Amino acid sequence: MGCSRLLLGAALLGSLGFAASAGHDWATPAAVFRSLAGDDSLQSQLLITWRYPRILAAALVGALLGLGGAIFQGVFRNPLAEPYLLGSSGGAAVGATIALLMPMGLPSQWLLAGLSFLGAWGATWLVLLVGGWRRGADAAHLLLAGVAIAAMLGAVRSFMMLALSDDTMNLQAVLSWTLGGIQTPSWWGLLLLGGLTVVALAAVMTLAHGLDLLGLGDEQAHAFGLQPERFVRWAVLIASAVVAVAVAWGGLVAFVGLIAPHVARWRCGPRHRRLLPESAAIGAILVVLCDGLARSVLPPAEIPLGLITAVFGGPFFLFVLARRRRP
Amino acid sequence: MTQVCVNSLRVAVPGKTLLDDLNLEFSPGQLVGLIGPNGAGKTTLIKTLAGFQPAGTGSVTWNGRDIRQWTARERAAVCGYLPQHYVFAWDYNVRDLIELGAARVAANEHSIADAVRAHELEALVERRWSTLSGGERARCLLASVMVAAPALLLVDEPGASLDIRHRIDLLARLRATAAKATVIVVMHDLELAARYCDRLVLLANGRIAQDAPSAEVIAPGALDATFGVRFQRVAIRPGFDAMLGIPPS
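These numbers were taken from a predicted model, which means no experiment stands behind them.

**Section: the interface of chain B and chain A**
Turning to step 1, where the next piece is worked out: Each partner contributes residues to the interface: chain B has 26 residues there, and chain A has 27 residues.
Turning to step 2, where the next piece is worked out: Taken together, both faces of the contact between chain B and chain A bury some 2,000 Å²; the carbon and sulfur share is 63%.
Turning to step 3, where the next piece is worked out: At the junction of chain B and chain A, the tally comes to three salt bridges.
Turning to step 4, where the next piece is worked out: Across the salt bridge formed by Asp 96 of chain B and Arg 271 of chain A, the nearest N and O atoms sit 3.2 Å from each other.
Turning to step 5, where the next piece is worked out: Listing elements by their share of the side of chain B that touches chain A, those giving two or more residues are α2 (72–78), β6 (79–82), α3 (94–102) and α5 (134–146) of chain B.
Turning to step 6, where the next piece is worked out: For the side of chain B that touches chain A, the leading source of residues is α3 of chain B, giving five residues.
Turning to step 7, where the next piece is worked out: Of the residues that constitute the side of chain B that touches chain A, the class distribution is 15 nonpolar, three polar and eight charged.

Structural data, given as structure tokens:
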């Protein structure tokens, strides 16, 4: 597969078109065009007020998940590494659960993003330290440490939800958030998410060359001018921020961070200056499509987004695992 | 041109001294081989010379400046390093690897094309690492290091995974490089070390057992005690003989 931007752009447009139509009330392409042309019918108003901001939020969350996955795979030097599997998303979810269940008088979106970041950062460091990164542990050790810590963080989150929720806090709402799902944001919230995504992409792109060098192994990376330990510290900080913003806006969404960099690598090869933006675009396409399905498969109910990504992502993970075992 | 000096170098890990009181000097124009039995400290020395392994006591200087004062980026611009083992996380192609090597000195497309040509990689530039043979990989790695024209080249066991023809090819390239750079190579093959290196440093138990021109080091009786085998010179054809190691009976 070539690294065709045209194909990727067409896929992104197609996914946005599908998502604009999809819902428990399907909109025809003509209705979508009418709404974009400034029509003020009730259907157009509903599309512009409710559906389009959500689709854009889905695209941005997907882009962040794709970026987060690409950095994690680069840092852990393993194509099976993913923020969800490694406990980073789980750490962010613990932070976000605290923010949701223990209001501290700060603006909720900032508190959510801030505590998610601390959770993601802490959890990723815990995985690196327990997995023996400083002692030169192999990727399998780090992944196993990640899986164990993700499980423990899941238990902590469940306990907090049971212990801290009360009548004023809808447990069902928190639970559905942890299953992953894009809520329709306000235009202000969407602007904030867009701004954070642009900053994240710019920060992540500064890691591209270092991630390329890290892929050569610590010794060769060092020989080519990188200080691997210092670089990994910096990369984990940025990756945690990226994951935290994605979790704060989209809940726990599994496997997008696994699939997007993989597909990007198939299309464009392993160099990160191409891989990172490509992963962001593919992540956006995946989440926009899955969110469209989440809204339209079982009307009037909505399927959690994380459930749909897991349905596709689980077999994909097994497929990657099987490919790696092939001689 | 880089002058490398090792002064009273001692490197230790808990319970073991890896290098003990080494004093060495390396200048451009010579291919220097580091030889010695397993565990003698060859790889530790080459990694310490490269700045990967911290010097315990004593110092290593490049052009009179302690390598602890060089940043990783400064070191990369001056020194090329070929490791003994390399496992890449991703399946880079030949061009990727040469570009990554070139980035350490911001070498331009012209230098990359030169490196590709000099290492006969024209037909392989788009090929993935996983599809290359051992000899092609060695040429590709050497090109990725040499594209930055390093003044100091450190090589750890260049022939470990190569057949004899490719080992000879690689050593010939290193020898040509030594004309304009300081080149230090860890070698296991004493025969090739004798043939291609100008000077050999024999290490034993972390100390310098010999440091002399190759012909003096690779000589009957000179290596027997260090390696625990008896070496005998065997005439292959007029003007070409080889050292044969015979295990003790």
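**Looking at the domain arrangement of chain B**
Residues and elements named next belong to chain B.
Turning to step 1, where the next piece is worked out: What the domain assignment reports for chain B is domain 1 (4–88 + 150–218) and domain 2 (222–249).
Turning to step 2, where the next piece is worked out: A straight line from the C-alpha centre of domain 1 to that of domain 2 covers 24 Å.
Turning to step 3, where the next piece is worked out: Facing the 13 residues of domain 1 at the interface are 10 residues of domain 2.
Turning to step 4, where the next piece is worked out: Summed over both partners, the interface of domain 1 with domain 2 comes to about 850 Å²; 70% of that surface belongs to carbon and sulfur atoms.
Turning to step 5, where the next piece is worked out: At the boundary of domain 1 and domain 2, one finds zero residue pairs in polar contact (both at pLDDT 80 or more).

**A closer look at helix α4 (residues 109–118) of chain B**
Residues and elements named next belong to chain B.
Turning to step 1, where the next piece is worked out: Listed in full, the buried residues belonging to α4 are Ile 112, Ala 115 and Val 116. For α4, the angular spread of buried residues about the axis comes to 100°, placing them on one side.
Turning to step 2, where the next piece is worked out: For α4, the elements touching its buried residues are α3 and α5.
Turning to step 3, where the next piece is worked out: A positive phi of about 50° marks Glu 120, the residue just after α4.

**A look at helix α12 (residues 256–268) of chain A**
Residue and element names in this part refer to chain A.
Turning to step 1, where the next piece is worked out: Spanning 13 residues, α12 covers 18 Å between terminal C-alpha atoms, matching the ideal 18 Å at 1.5 Å per step.
Turning to step 2, where the next piece is worked out: Buried residues dominate α12, accounting for 12 of its 13 residues.
Turning to step 3, where the next piece is worked out: Taken from the residues just after α12, Gly 269 is the one with a positive phi, measuring 85°.

**Considering unusual backbone geometry**
Turning to step 1, where the next piece is worked out: For the peptide bond that leads from Pro 299 of chain A to Pro 300 of chain A, omega is 5°, which places it in the cis range.
Turning to step 2, where the next piece is worked out: Position of Pro 300 of chain A relative to the elements: it lies in the loop between α13 (272–296) and α14 (305–325).
Turning to step 3, where the next piece is worked out: Positive phi outside glycine occurs at Ser 8 of chain B, with the angle close to 45°.
Turning to step 4, where the next piece is worked out: By the element assignment, Ser 8 of chain B lies in strand β1 (residues 4–13).
Turning to step 5, where the next piece is worked out: Residue classification places Ser 8 of chain B among the partly exposed residues on the basis of a relative accessible area of 39%.
Turning to step 6, where the next piece is worked out: A positive phi angle, close to 50°, is found at Asn 205 of chain B, a residue other than glycine.

**Considering the environment of Gly 9 of chain A**
Turning to step 1, where the next piece is worked out: By the secondary structure assignment, Gly 9 of chain A is in helix α1 (residues 5–21).
Turning to step 2, where the next piece is worked out: For the pair Gly 9 of chain A and Arg 295 of chain A, spaced 286 residues apart in sequence, the C-alpha separation works out to 23 Å.

**Here we look at the side chain of Ser 296 of chain A**
Residues and elements named next belong to chain A.
Turning to step 1, where the next piece is worked out: By the secondary structure assignment, Ser 296 is in helix α13.
Turning to step 2, where the next piece is worked out: Among the polar contacts made by the side chain of Ser 296, one reaches the main-chain carbonyl oxygen of Gly 292 at a distance of 2.7 Å.
Turning to step 3, where the next piece is worked out: Excluding anything up to four places from it in sequence, Ser 296 contacts Ala 22, Gly 23 and Trp 26.

What counts and how
Residues numbered from 1 in each chain as written. Chains lettered and ligands numbered in written order. Predicted model: local features only at pLDDT ≥ 70, side-chain atom pairs only at ≥ 80, totals over all residues. Heavy atoms only, no water. Contact = heavy atoms within 4.5 Å. Buried area = accessible area lost by both parts, 1.4 Å probe. Salt bridge = Lys/Arg side-chain N within 4 Å of Asp/Glu carboxyl O. Helix = DSSP H or I, 4+ residues; strand = E, 2+ residues; numbered from the N terminus. Nonpolar A, V, L, I, M, F, W, Y, C, P; charged D, E, K, R; others polar. Domains from an automatic or database assignment. Polar contact = N/O pair within 3.5 Å; in protein donor to acceptor, adjacent residues only side chain to side chain. Buried < 20%, exposed > 50% of the residue type's maximum accessible area, 1.4 Å probe, protein only. Arc of directions from axis to C-beta. Expected span 1.5 Å × (residues − 1).

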